[in-house]
Number of protein chains: 2
Amino acid sequence: MERAKRTPRGTRKRDVPLTEAGICTSALRLIDADGVEALTMRKLAAVLDANPMSLYHHVPNKEALMRGVARMVGTRFRTVTLEDAPWQERMRLLATDFRTLAHRHPNLMAYSFSQPDFIQPEDPFWVELTAVLDAAGVPQSEIPQLAALVCAVVSGVMIAELNGALHRWSNLQPTTPASVKDGQTNEDSGEDRMFRLVLDTIISGMEGRLAVDHAGGPDGQPSQNSRRPSARIPRQLRPPAARCEGESQENPFSDMAAGVDPKEQ
Amino acid sequence: MERAKRTPRGTRKRDVPLTEAGICTSALRLIDADGVEALTMRKLAAVLDANPMSLYHHVPNKEALMRGVARMVGTRFRTVTLEDAPWQERMRLLATDFRTLAHRHPNLMAYSFSQPDFIQPEDPFWVELTAVLDAAGVPQSEIPQLAALVCAVVSGVMIAELNGALHRWSNLQPTTPASVKDGQTNEDSGEDRMFRLVLDTIISGMEGRLAVDHAGGPDGQPSQNSRRPSARIPRQLRPPAARCEGESQENPFSDMAAGVDPKEQ
DNA sequence: ACCTGAACACCGTTCAAGT
DNA sequence: ACCTGAACACCGTTCAAGT
């Protein structure tokens, strides 16, 4: 609630002239403090010790202002570039740093992620992401699609984490299945192919982990449904390489189980 | 723009009494037509031929109304239950049906996905999802976490698809990497572990695909960075099983490359 | 060029009053 | 119990006028 100095006539006087960057910065501060829905042109002007209408000389309208704030933060998503590290490690670091910055502006993220341009090709994040995929050996022509998928997946997990859904969902006790009826599908477009690829990827990732040692069914509760554990995938398939610490791997999802992580005991 | 009958004094008269469900349904119709930001208690009342204040006898406020709309749609996410199909196929169908319904209310989804309770444990979607994971052999104790991850990942991809980011990103030409400096990380919590698991999973999925036939580097552009293609993963690893059509697989991401899909020629 | 005050067309919601 | 009109405290934004 700091106030700038006042002129003799009682109106407030700024010590810094209004700029778009300054306006966006103050807007971000308001959003961080009270959420997007609390951002108001009038409140923003008050914080800047300006007349509400003065803002419109630097920003066309509130929507553009919000986009500016989202872009300002999007540009700041970056990470160190470790050209000599394995691509898996670089990817992990990139995503982790993304998450760290997202945590600094949790109130903005739901808005940012629903904006089509919160990450742009010039952004350090995109540059590093594509470099990592290149280092991973992804063909040049496929890099943008793969990078898009990584952005979408990571954003989705971030949203769910920040709004608490991830925490709430993961603390549910499993329910018994029940029969339901409905459903319809089938078409095919570029987005369809992308969507199938995500599914194929996370499924094949899960298959790999499951194939490690769950052939007979888990903890005394063998699944009786037709389970086809992809005979082509060998048993000794392991999680990606860059994980260095020696962790007990008797369960393919062990690093997620409560109290199983050895570092927490 | 249909209008109900009018009373002699010129005020409109509803033929159906106001109910919360009816209010939510009309609200959803307005959102589908013009977006969330166009939904207004006053406009909604006009559509229902009611006084704006009448709505407050059935809904405490606009926020609760929005939650009601999101829940109404969330409850409708469901799919057929194919207990005899392989779990991969069931997962694919579940996600595809999710997507189909999401496409029916694109204007609501960004809001829904940012709501912590748009999917609840009683919902058919959650029930089927957990059943599929059970059929996959996931240990009972890990099912909620895995289901949460699937929800988050699928939601993230849906948001990116619906707002056009997926399309825009995937049509970018790759940029050349540049050196940047920054970055900071490191902590550890339940959410941290979840986050690492997503990464491990999509990475191991991608590793599996990459290991198929990209040992020497892609299309004439061998990556000179230290690439460690996880020697433990054998070459002949294939995408998950439930894919039935015979597709050319000379490229692990071939079903995503422009014009490569054989069905499109 | 930048700023400003008054005003306009909206909002969500409270409240007292009607039936 | 349900509905209503008037009113309140806000919005974003236009516009004509100031410097």
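These figures come from a predicted structure and were not determined experimentally.

Visitor: Would you take a moment to explain the environment of P124(B) for this structure?
Guide: Structurally, P124(B) is set in helix 6 (residues 124-135). In contact with P124(B), not counting residues within four places along its chain, are T75(B), F77(B) and R78(B).

Visitor: Is there a simple way to explain the protein's contact with DNA strand D in this structure?
Guide: Among the 16 residues in the neighbourhood of DNA strand D, the closest are listed as R42(A), M53(A), Y56(A), H57(B) and H58(B). Counting only the atoms of DNA strand D that lie within 4 Å of the protein, the sugar and phosphate share comes to 43%. In the environment of DNA strand D, a sugar or linking oxygen lies 3.4 Å from a nitrogen or oxygen atom belonging to the side chain of T40(A). At three residues, helix 2 (residues 41-47) of chain A tops the list of elements feeding residues into the surface near DNA strand D. Within the surface near DNA strand D, the residues separate by chemical class into five nonpolar, six polar and five charged.

Visitor: Would you mind going over helix 7 (residues 143-162) of chain B with me for this structure?
Guide: Owing to its 3.6 residues per turn, the α-helix brings residues three or four apart onto one side. Over its 20 residues, helix 7 of chain B runs 28 Å from end to end, which matches the ideal 28 Å to within 8%, given 1.5 Å per residue. By the criterion of burial, helix 7 of chain B is predominantly enclosed, with 19 of the 20 residues buried.

Visitor: Would you mind going over the protein's contact with DNA strand C with me for this structure?
Guide: Neighbouring residues of DNA strand C: 16 residues in total, closest H57(A), H58(A), R42(B), M53(B) and Y56(B). A breakdown of the atoms of DNA strand C within 4 Å of the protein gives sugar and phosphate a share of 42%. At a separation of 2.9 Å, a phosphate oxygen of DNA strand C approaches a polar side-chain atom of S54(A). Take K62(B): an N or O atom from its main chain is 2.9 Å from a phosphate oxygen of DNA strand C. Considering every element that reaches the surface near DNA strand C, the biggest residue donor is helix 2 (residues 41-47) of chain B, with three residues.

Visitor: Whenever I open this one, the pattern of salt bridges confuses me. Can you help?
Guide: Where side chains of opposite charge bring their charged atoms close, a pairing between them can arise. Residues and elements named next belong to chain A. The full count for this structure, using the stated rule, is 10 salt bridges over all chains. In this structure, R71 and D123 form a salt bridge, with 3.0 Å as the shortest nitrogen-oxygen distance. Pair noted here: R71 is in helix 3 (residues 62-76) and D123 is in the loop between helix 5 (106-113) and helix 6 (124-135), with a separation of 52 residues, a long-range link. Comparing R71 with D123 shows no difference in burial state: the two are buried.

Visitor: Looking at this structure, I do not really get the UniProt feature "DNA-binding region" (unreviewed entry) in chain A. What am I missing?
Guide: Annotation from UniProt places "DNA-binding region" (unreviewed entry) at residues 40-59 of chain A. End C-alpha atoms of residues 40-59 of chain A are separated by 13 Å, and the span's content is 35% helix alongside 0% strand.

Visitor: Whenever I open this one, the confidence of the model for chain A confuses me. Can you help?
Guide: Low pLDDT marks regions whose predicted coordinates should not be analysed in detail. Residue and element names in this part refer to chain A. When the pLDDT values of chain A are averaged, the result is 74; 67% of them are 70 or greater. In the predicted structure, residues 1-13 sits below a pLDDT of 50 and forms 13 contacts with residues beyond four places in sequence or in another chain. Low pLDDT, under 50, characterises residues 176-187; the stretch is placed with 23 contacts to residues that sit more than four places away or in other chains.

Visitor: Sorry if this is basic, but what is going on with the layout of surface pockets here?
Guide: Rolling a probe over the atoms, with the probe sized like a water molecule, indicates the empty space that remains. As a volume, the largest pocket reaches approximately 1,800 Å³. For the largest pocket, the lining is made up of 39 residues, of which V36(A), Y111(A), S114(A), V36(B) and Y111(B) are closest to its centre. Of all elements in the fold, only helix 3, helix 5 and helix 7 (143-162) of chain A together with helix 3 (62-76), helix 5 (106-113) and helix 7 of chain B reach the threshold of two or more residues within the lining of the largest pocket. Tallied by class, the residues present in the lining of the largest pocket amount to 19 nonpolar, 10 polar and 10 charged.

Visitor: Got a minute to help me understand the UniProt feature "domain: HTH tetR-type" (unreviewed entry) in chain A in this structure?
Guide: Under the UniProt annotation, "domain: HTH tetR-type" (unreviewed entry) lies at residues 17-77 of chain A. The span residues 17-77 of chain A shows a helical share of 61% and a strand share of 0%, and its end C-alpha atoms are spaced 28 Å apart.

Visitor: Mind showing me how you'd approach helix 5 of chain A here?
Guide: Every buried residue of helix 5 of chain A is listed here: L108(A), M109(A), Y111(A), S112(A) and F113(A). Looking at the buried positions of helix 5 of chain A, the neighbouring elements they touch are helix 1 (20-34), helix 3, helix 4 (87-104) and helix 7 of chain A together with helix 7 of chain B.

Visitor: What is the right way to read the packing of aromatic side chains from this model?
Guide: Centre-to-centre distance and the angle between the planes together describe a pair of aromatic rings. In the structure shown here, the tally under the stated rule is 14 aromatic pairs over all chains. Centroid distance F113(B) to F118(B): 5.0 Å. Interplanar angle 65 degrees. Geometry classified as edge-to-face. The pair formed by F113(B) and F118(B) is uniform in burial state, with each residue classed as buried. One aromatic cluster is present, formed by F77(A), F98(A), F113(A), F118(A), F125(A), W126(A) and W169(B) through successive ring pairs.

About the thresholds
- Residues numbered from 1 in each chain as written.
- Chains lettered and ligands numbered in written order.
- Predicted model: local features only at pLDDT ≥ 70, side-chain atom pairs only at ≥ 80, totals over all residues.
- Heavy atoms only, no water.
- Helix = DSSP H or I, 4+ residues; strand = E, 2+ residues; numbered from the N terminus.
- Contact = heavy atoms within 4.5 Å.
- Near = heavy atom within 4 Å.
- Polar contact = N/O pair within 3.5 Å; in protein donor to acceptor, adjacent residues only side chain to side chain.
- Nonpolar A, V, L, I, M, F, W, Y, C, P; charged D, E, K, R; others polar.
- Expected span 1.5 Å × (residues − 1).
- Buried < 20%, exposed > 50% of the residue type's maximum accessible area, 1.4 Å probe, protein only.
- Salt bridge = Lys/Arg side-chain N within 4 Å of Asp/Glu carboxyl O.
- UniProt positions renumbered as here; feature names shortened; annotations may be inferred.
- pLDDT = per-residue confidence, 0-100.
- 1 Å grid on protein atoms, 1.4 Å probe; cavity = no way out; pocket = protein on both sides within 12 Å on 5 of 7 lines; lining within 4 Å.
- Points joined across faces, edges and corners; volume = space filled by probe spheres on them.
- Phe/Tyr/Trp six-rings, centres within 6.5 Å; stacked < 30°, edge-to-face > 60°.

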